[in-house]
Amino acid sequence: MARAWNRVRAVPGPASPYKIGDAVVGDDPFNGRHEGVVVSRTPGSVGIGAAEGVVYFDPRHVRWQE
């Protein structure tokens, strides 16, 4: 019963389509444009390992490299 209750209480966040190791581009008016590889991901952010270090973006501002 407790497991069922915990599943009901847990609200799933927006899923990020990016996986760790994917080559992506993050473009945001505040962070600027950074190209790199996904090093971390949470429901609300994607960490991109770029030449400048790790930069975190909202998943809506990230796209795959062409």
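Quick note: structure is the one above.
1. Notes on the sheet that holds strand β4 (residues 53-57)
- The five strands lie next to each other as β4-β3-β2-β1-β5, forming an open sheet whose pairing is antiparallel. Only two strands of the sheet have a single neighbouring strand rather than two, namely β4 and β5 (62-64). Taking the axes of each pair of neighbouring strands and ignoring which way they run, one obtains an average angle of 45 degrees across the sheet.
- Bridge count between strand β3 (residues 45-50) and β4: five bridges; the pairing is antiparallel. Each bridged residue has a counterpart across the sheet, and for glycine 49 the counterpart in β4 is valine 54.

2. Considerations on the packing of aromatic side chains
- Using the criterion set out here, one finds one aromatic pair in the structure.
- Ring centres of tyrosine 18 and tryptophan 64 lie 4.7 Å apart, and the angle between their planes is 55 degrees; on these two criteria the pair is classed as tilted. Residue tyrosine 18 is found in the loop between α1 (2-9) and β1 (23-28), and its partner tryptophan 64 is found in strand β5; the two are separated by 46 residues along the sequence.
- For tyrosine 18, a relative accessible area of 5% gives the class buried.
- We classify tryptophan 64 as partly exposed; its relative accessible area is 45%.

The rules we used
- Residues numbered from 1 in each chain as written.
- Predicted model: local features only at pLDDT ≥ 70, side-chain atom pairs only at ≥ 80, totals over all residues.
- Heavy atoms only, no water.
- Pairing = 2+ DSSP bridges.
- Helix = DSSP H or I, 4+ residues; strand = E, 2+ residues; numbered from the N terminus.
- Axes fitted to C-alpha atoms, helices over the stretch in contact; angles between N-to-C directions.
- Phe/Tyr/Trp six-rings, centres within 6.5 Å; stacked < 30°, edge-to-face > 60°.
- Buried < 20%, exposed > 50% of the residue type's maximum accessible area, 1.4 Å probe, protein only.

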